[in-house]
Amino acid sequence: MMLRVFYRTIKTMALTRSPKYAENNQPFTVLIEGNIGSGKTTFLNHFNKFDDICLLSEPVERWQDVGGCNLLDLMYKESNRWAMPFQTYVTLTMLEMHTKPTDKSVKIMERSLFSSRYCFVENMYANGTLHKGMYQILQDWYRFIEKSIHIQADLIVYLRTSPEVVFERMKTRARSEESCVPLKYLEELHVSHEDWLVHRKRGNPNTPVLILNADLDLENIGSEYKRSEDSIFKASIREPIMREPIYVSPSKRERLSS
Ligand SMILES: Nc1ncnc2c1ncn2[C@@H]1O[C@H](COP(=O)(O)OP(=O)(O)OP(=O)(O)O)[C@@H](O)[C@H]1O
Ligand SMILES: Nc1nc(=O)c2ncn([C@H]3C[C@H](O)[C@@H](CO)O3)c2[nH]1
């Protein structure tokens, strides 16, 4: 008798729970995570050769031009004043990526709402950039989002790096907004990524995490990329479909090779 009541209750709850926004319209989704300069964009470009994948880069260009305002620059230059508005805009742009419909079988995203929440926001609160009141507002927003918007996350690929390595890469890449970012900030972000993805102190502990050694330089990281390819296609139960090669006529090929 008790069992029948239990199942009837569960069924009623399931039938009455309103579906979340973007529920059931997302494919197998992979989140590429890692410190600043860990090679996420470079990694994402590696998957350009496959046809049936929706690749979504981190919307940095949008953050650099919000109606003519460079929010990214303002966040770094006047962080106490601009960290909060910047985080609200990151939340909006990340949710647009998470809920973007696609007919592809796999979606691969550069970063996510989770790294913003569990790494950047946590770190800015810990180092005093975010006032407690701002932090609490963001937490309430995250809790509301969790209840009302579906965020698909089937696999996280963590490009694990050493802060010293990414500090050099960041300086070489020389993004103007990051010109004053100290090694200490990268060390803090490294700890927050490790707490989230290795020690599993935050977020959903059931989301599988594939850890790659992203300290390897471009000449030697191919095996790590291949390992992630195998994991992604195996986990998404799909065979990789290569983009149709663009055939170049012999005469044009000769000209190109000369
Ligand atoms: N495995 C690697 N070895 C050496 N350099 C790399 C490697 N991967 C990327 N780089 C270089 O490091 C810099 C940062 O790479 P990339 O932009 O892909 O990092 P990212 O994680 O997307 O950075 P961000 O988080 O700031 O957007 C670039 O100049 C890139 O050419
Ligand atoms: N404060 C803050 N919160 C975020 O959610 C966030 N996501 C990315 N970034 C910064 C890191 C790189 O400089 C640059 C590109 O990744 O943007 C962030 N900064």
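Before any of the text, the structure's been laid out above.
This structure is a prediction, so every number in the text was calculated from the model and none was measured.

Calculation rules
- Residues numbered from 1 in each chain as written.
- Chains lettered and ligands numbered in written order.
- Predicted model: local features only at pLDDT ≥ 70, side-chain atom pairs only at ≥ 80, totals over all residues.
- Heavy atoms only, no water.
- Pairing = 2+ DSSP bridges.
- Helix = DSSP H or I, 4+ residues; strand = E, 2+ residues; numbered from the N terminus.
- Axes fitted to C-alpha atoms, helices over the stretch in contact; angles between N-to-C directions.
- Near = heavy atom within 4 Å.
- Polar contact = N/O pair within 3.5 Å; in protein donor to acceptor, adjacent residues only side chain to side chain.
- Areas by Shrake-Rupley, 256 points an atom, 1.4 Å probe, with all protein chains shown as cover.
- 1 Å grid on protein atoms, 1.4 Å probe; cavity = no way out; pocket = protein on both sides within 12 Å on 5 of 7 lines; lining within 4 Å.
- Sits in = over half its atoms within 2 Å of the grid points.
- Nonpolar A, V, L, I, M, F, W, Y, C, P; charged D, E, K, R; others polar.

Enquirer: I'd love a proper account of the sheet that holds strand E2 (residues 53–56), names of residues and values included.
Expert: The strand order E2-E3-E1-E4-E5 describes an open sheet built from five strands, whose pairing is parallel. Of all the strands in the sheet, the pair left with one neighbour each is E2 and strand E5 (209–213). When the angles between neighbouring strand axes are averaged without regard to direction, this sheet yields 20°. Bridging between strand E1 (residues 28–34) and strand E3 (residues 106–110) involves five bridges; their strand directions are parallel.

Enquirer: Describe in detail the site of ligand 1, supporting the description with residues and values.
Expert: Contacts to ligand 1 come from 19 residues, most closely from Lys40, Thr41, Thr42, Arg173 and Leu216. Ser38 places a polar main-chain atom, nitrogen or oxygen, 3.2 Å from an oxygen atom of ligand 1. Contact between ligand 1 and Leu218: a nitrogen atom at 3.3 Å from a main-chain N or O atom of the residue. Contact with the protein chains removes 84% of the 630 Å² of surface that ligand 1 exposes when unbound. More than half of the atoms belonging to ligand 1 lie within 2 Å of the grid points that define the largest pocket. Elements that contribute at least two residues to the shell around ligand 1 include exactly helix H2 (40–46) and helix H8 (163–173). With three residues, the top contributor of residues to the shell around ligand 1 is H2.

Enquirer: Account for the site of ligand 2, with residues named and values stated.
Expert: The immediate surroundings of ligand 2 are formed by 16 residues, with Glu58, Tyr76, Gln87, Arg111 and Glu178 found nearest. With respect to ligand 2, the side chain of Ser116 contributes an N or O atom lying 2.8 Å from an oxygen atom. The side chain of Glu178 places a nitrogen or oxygen atom 2.7 Å from an oxygen atom of ligand 2. Within the complex, 98% of the 410 Å² of free accessible area of ligand 2 lies under protein. When atom positions are compared with the pocket grids, ligand 2 is found to occupy the largest pocket. Sorting the residues of the shell around ligand 2 by element identifies helix H3 (60–63), helix H4 (71–77), helix H5 (79–99) and helix H6 (113–126) as the ones contributing at least two each. Each residue belonging to the shell around ligand 2 can be placed in one class, and the counts come to 10 nonpolar, two polar and four charged.

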